[in-house]
Amino acid sequence: NTNASTFTVTVTDAEAPVISACAPAVTIDVDTNTCQVEIPNLTTNVVASDTCGTVTITQQPPAGTLVGVGVTNVTLVVKDAANNESSCVVVVTVTDPVTNIVLTMTYAAPDMTLTWPKTCADWKLQQTPSLNTPITWNDSTNTPVLGVDTWKVVVPANTGSNLFYQLKRNLP
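Notes on the structure follow. Residue numbers restart at each chain and count upward from 1, following the sequence in its written direction. Only residues with pLDDT of at least 70 get local features here, since the model is predicted, and only at 80 or more are side-chain atom pairs given and counted; chain-wide, interface and lining totals rely on the full set of residues. Neither water nor hydrogens contribute to the side-chain values; these are computed over all heavy atoms in the structure.

Structural notes on the overall build of the protein chain
Secondary structure counts use DSSP, requiring at least four H or I residues in a row for a helix and at least two E residues in a row for a strand, with both numbered from the N terminus. Helix and strand counts for the protein chain come out as one helix and 15 strands. Projected onto its principal axes, the C-alpha coordinates of the protein chain cover approximately 115 × 35 × 20 Å. For the protein chain, with 172 residues in total, the buried portion stands at 28%. Summarising the internal contacts of the protein chain: among those between residues at least 6 apart in sequence, 60% fall at separations of at least 24. Averaging the positions of the 6 positive and the 13 negative side-chain charges in the protein chain gives two centres separated by 14 Å. Accessibility here uses a 1.4 Å probe with only protein chains present; expressed as a share of the type maximum, an area under 20% marks a residue as buried, one over 50% as exposed, and anything in between as partly exposed. By the convention used here, residues are in contact when the closest approach between their heavy atoms is within 4.5 Å. Positive residues here are Lys and Arg, negative ones are Asp and Glu, while His and the chain termini are left out of the count. Every charge is mapped to an atom, namely NZ of Lys, CZ of Arg, CG of Asp or CD of Glu.

Take a look at the structure:
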C-alpha cells in the first residue's frame, strides 16, 4: 500500500537587501549664473546585495533635480524582487564659491550709496558706530534693493557718515 499526498511549498523572501556601502557625502559648487545645481546620480555609488537575486536602487530626490545653496538629504532605496527594501541617506552640500565680495561706498550729497555684487549666497549688511574693541556689529535697518547685478542701499548722509559698514555672509 502506498499513500500519495500533494502539497504546496511556498518560499517567501522576507529578508531585506543589505547595503554594505552607501554613496559618500557630496559637496558641489553652485552654478553662479543660475544659483542652482543638479543633484547627481548617486545610485551607482551604492554597494548592495540580496540573498534571493538582484536589486534595484533609486534615489529621492531623483538625479537632475535642481537645488540651491544649502544642504539636501538624498535617500537611496535598495529594493529586491519581493519588495523588501533598505535605505541610506547621503548629504549633498551645495556651496557658493564666492567667499569674498567688495562693498563699495560712494558719497553724493546728501546721501551715501553702498553697493555689492549679486551672488548666490545670502549676504547681510551690518553696521557699527565704532571700530573700538570689542566691535559690536548690528544688522542694518536699511533695506537693500536688488538691481540687475548688484544690491544697493542708500543711506542718508546725516546718519550713514557716522557708521561703519560690513557684509556678513549667512552660511546655510
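Still to come is the rest of the account.
Notes on the pattern of salt bridges
Any carboxyl oxygen of Asp or Glu that lies within 4 Å of a side-chain nitrogen of Lys or Arg is treated as forming a salt bridge with it. Within the structure shown, the criterion is met by two salt bridges. As a salt-bridge pair, aspartate 139 and lysine 124 come within 3.4 Å of each other at their nearest N and O atoms. Pair noted here: aspartate 139 is in strand β12 (residues 138-139) and lysine 124 is in strand β11 (residues 122-128), with a separation of 15 residues, a long-range link. Owing to a relative accessible area of 29%, lysine 124 belongs among the partly exposed residues under this scheme.

What to know about the nonpolar core
In this description, a nonpolar core means a group of buried Ala, Val, Leu, Ile, Met, Phe, Trp, Tyr and Cys residues linked to one another through side-chain atoms lying within 4.5 Å. Grouped together as the largest cluster of nonpolar side chains are 16 residues, with contacts concentrated most on Leu42, Leu76, Val92 and Val94. Put simply, the parts of the chain that give this core at least two residues each are β7 (70-80) and β8 (85-95). The greatest single-element share of this core, amounting to four residues, is contributed by β8. Sequence-distant contacts of valine 94, that is, excluding residues within four places in its chain, are made with Ile28, Val30, Val37, Val67, Gly68, Val69 and Gly70. With eleven residues, the next largest nonpolar core counts Ile101, Val153, Val155 and Tyr165 among its residues.

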